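Residue-level structure breakdown
Each chain, letter by letter, is given below.
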Amino acid sequence: MRSLLILATVALLLAAASPAFAQAAGAPAIQVEQPWARATPAGAQTGAAYLTLDNKSGSADRLTGASSDVAASVQIHEMTVVGGVMRMRQLADGLPIPAGGTVELKPGSYHVMLIGLKKPLAAGDTFPLTLTFEKAGTISVTVPVKAMGATQDGKPGGMKGMGSMEMK
Amino acid sequence: MMRARHWLLTVAAGLAGFAAVALCVAYVASSGAGQGLGVNPVGGPFTLVDDSGATVTESTLAGKPSAMYFGYTFCPEVCPTTLADLSRWIELLGPDADKLNYVFVTVDPERDTPQAMHDYVSAFDKRIRGFTGTPEQIATVAQAYRVYYKRVPTADGGYVMDHSAMIYLMGPDNRLVNVIGYQETDTSALAKLRNLIALAPSS
């Protein structure tokens, strides 16, 4: 009888704990969508990875860092072009992700900067990237490498050009 | 407190950037006025080293219009994107593309040796040449082309470069004809390049 009670308690505890567990492992509070990177020229020391962060939780979070075995260091950067001048800055306080909101890391904006590439990123390859969040912990994704000059949808030039996209 | 400082720094940096651009524009406007209409003082003499190690000057480009872009190889995004765009446009221009010079000039001579430039431009259309030089030579060419660049230290002890992110379209007389901005459409960029090709002396 006693052992049955213990069993029931354990089962109850497990059941109670499982949504939290699922949150941490199965369906994280932050979803990382559509990761991709551009191929880099030979000898290039740096590369950039892009992705969308979808905060499924009710509390704001922050992307504080990242790491990958393809680069000596990985930083979160913001790029701006103002008055024709390109500026790139590391986000020292990380990148805020509002509760229930999404943040897009994309060309011309926020990006994951890979510094000290161990070898060029080649189109068709993939590499691992681990993102660290203030609350959601670490999330690892596999990043596919697209052609140089590619955009998120994979076409060279992407949205640009329109009429002149029929490349021969 | 930190936030306020950060904000102030950002504003200060932004103002400095605007001031730099405004100064350039003011300079261009004033010197242009002094020399009469149609004369634009962007472009001038320079001595640099190409990605094969050979010395190059403004006369190396003489006779053909040029598309010149100032950047650096450590740049993860704007520079490779722009050079990939330029490579695609060169392809789309067909045989006429050979009527222009294509030059990528570094604003980071410290890291961008001729070999580094060579490795880098090799990833793009073979007609794009890489130019580097001593810090003084780069300062001279940047001044001649009114290019803004600034070294900015990073927290990890490295540095990045702020720089003008547009392609300068120079006539055969090495004077500015037009610019192609970052992420300009293929249609617009190709029209500007074709206008530049039209200025090429017929051979």
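Residues numbered from 1 in each chain as written. Chains lettered and ligands numbered in written order. Predicted model: local features only at pLDDT ≥ 70, side-chain atom pairs only at ≥ 80, totals over all residues. Heavy atoms only, no water.

1. So, the packing of aromatic side chains
Residues and elements named next belong to chain B. Basically, it comes down to this: Pairing of aromatic rings covers Phe, Tyr and Trp, the last through its six-membered ring, and needs centres within 6.5 Å; plane angles under 30 degrees mean stacked, over 60 mean edge-to-face, and all others mean tilted. A helix here means a DSSP run of H or I that spans at least four residues, while a strand means a run of E at least two residues long, and both kinds are numbered starting from the N terminus. Relative accessibility under 20% of the residue-type maximum defines a buried residue, over 50% an exposed one, and the middle range a partly exposed one, all with a 1.4 Å probe and only protein chains included.
Under the defined criterion, the tally for this structure stands at eight aromatic pairs over all chains. Between Phe46 and Phe131, the ring centres sit 6.4 Å apart and the planes meet at 50 degrees, which makes this aromatic pair tilted. Taken together, the positions of Phe46 in the loop between helix H1 (2-35) and strand S1 (47-50) and Phe131 in strand S5 (residues 128-132) put the pair 85 residues apart, joining distant regions of the chain. With relative accessibility at 0%, the residue Phe131 sits in the buried group.

2. Topic: the interface of chain B and chain A
Rules: The contact definition used throughout considers only heavy atoms, calling two residues in contact when any of these lie within 4.5 Å. We define buried area as the total accessible area lost by two parts upon association, computed with a 1.4 Å probe and summed across both. We count a salt bridge whenever a side-chain nitrogen from Lys or Arg sits within 4 Å of a carboxyl oxygen from Asp or Glu. Polar contacts here mean pairs of N or O atoms no more than 3.5 Å apart (in protein, one a potential hydrogen donor and the other a potential acceptor; neighbouring residues in sequence count only if both atoms are side-chain atoms).
Taken together, the contacts link 38 residues of chain B with 38 residues of chain A. In this assembly, chain B packs against chain A so that about 3000 Å² is buried in total across both faces, 62% of it on carbon and sulfur atoms. Looking at the side of chain B facing chain A, the largest losses of area belong to Phe74, Pro76 and Glu77 of chain B, adding up to 20% of the total buried there. Summed over the shared surface of chain B and chain A, the result is two salt bridges. We note a salt bridge from Asp162 of chain B to Arg87 of chain A, for which the minimum N-O separation is 3.4 Å. Put simply, chain B and chain A have eight residue pairs in polar contact (both at pLDDT 80 or more) between them. For the side of chain B that touches chain A, the elements supplying multiple residues, two or more each, are H1, helix H3 (78-93), helix H4 (114-121), strand S7 (159-164) and helix H6 (186-198) of chain B.

3. Describing the side chain of Asp125 of chain B
All names here are of chain B. As for its placement among the helices and strands, Asp125 is situated in the loop between H4 and S5. For Asp125, the side chain forms a polar contact with the main-chain nitrogen of Arg127, separated by 2.8 Å. Aside from chain neighbours lying at most four places away, what touches Asp125 is Ser87, Ile90 and Glu91.

4. Some remarks on the confidence of the model for chain A
Residue and element names in this part refer to chain A. Definition in use: pLDDT: the predictor's confidence for each residue, scored from 0 to 100.
Considering every residue of chain A, the mean pLDDT works out to 81; 73% of them sit at 70 or more. The low-confidence segment residues 16-26 (pLDDT under 50) makes five contacts with residues lying over four places distant or belonging to another chain. pLDDT under 50 marks residues 154-168. Its contacts with residues more than four places away, or in other chains, come to 30 contacts.

5. Some details on unusual backbone geometry
Residue and element names in this part refer to chain B. The phi dihedral of Asn174 falls on the positive side, at around 65 degrees, and the residue is not glycine. Within the chain, Gln183 stands out as a residue other than glycine whose phi angle is a positive 60 degrees. Tracing the chain through its elements places Gln183 in the loop between strand S9 (176-180) and H6.

6. Quick look at the confidence of the model for chain B
Residue and element names in this part refer to chain B. Here chain B shows a mean pLDDT of 85. Residues at 70 or above account for 80%. Scored below 50 in pLDDT, residues 17-38 makes 16 contacts in the model with residues more than four places away or belonging to other chains. The ipTM, which scores confidence in the relative placement of chains, is 0.70 for this predicted complex, and the corresponding pTM is 0.75.

7. Remarks on the sheet that holds strand S8 (residues 167-170) of chain B
All names here are of chain B. Note the threshold: Any two strands with at least two DSSP bridges between them are considered paired. To get an axis, a line is fitted to the C-alpha atoms, and for a helix only the part in contact is used. The angle between two axes follows their N-to-C directions and goes from 0 to 180 degrees.
Spatial ordering of the open sheet is given by S2-S1-S5-S4-S3-S8-S9, a layout of seven strands whose pairing is mixed. In this open sheet, the two edge strands, each paired with only one partner strand, are strand S2 (55-57) and S9. Between one strand and the next, the sheet's axes are offset by a mean angle of 35 degrees, whatever the strand orientation. Sheet topology note: the strand S4 (residues 101-106)/S5 ladder contains four bridges and is parallel. Across the sheet, residue Phe104 finds its bridge partner in S5, namely Gly130. Across the sheet, H4 touches S1, S4 and S5, and the angle it forms with S5 is around 160 degrees.

8. Description of the environment of Thr102 of chain A
Residue and element names in this part refer to chain A. Relative to the helices and strands, Thr102 is located in strand S7 (residues 102-105). Sequence-wise, Thr102 and Ala136 are 34 residues apart; in three dimensions their C-alpha atoms are separated by 14 Å. Not counting the four nearest positions on each side in its chain, Thr102 is found in contact with Thr52, Leu53 and Asp54.

9. Some words on the pattern of salt bridges
Evaluated as defined, the whole model comprises 14 salt bridges over all chains. Between Arg111 of chain B and Asp108 of chain B there is a salt bridge whose closest N-O contact spans 2.8 Å. The salt bridge partner of Glu184 of chain B is Lys192 of chain B, with a shortest N-O separation of 2.6 Å. Given the relative accessible area of 17%, Glu184 of chain B is considered buried. Salt bridges here are not isolated pairs; linked through shared partners, they connect Arg87 and Arg89 of chain A together with Asp162 of chain B.

10. Here we look at the state of the cysteines
Residues and elements named next belong to chain B. To keep things clear, this is the line we draw: Sulfur atoms of two cysteines make up a disulfide when they are within 2.5 Å.
Inspection of the entire model under this criterion finds one disulfide over all chains. The residue that forms a disulfide with Cys75 is Cys79, at a sulfur-sulfur distance of 2.4 Å. Between Cys75 and Cys79, the disulfide has an S-S torsion of 95 degrees and is therefore right-handed. Across the pair, exposure class does not vary: Cys75 and Cys79 are buried alike.

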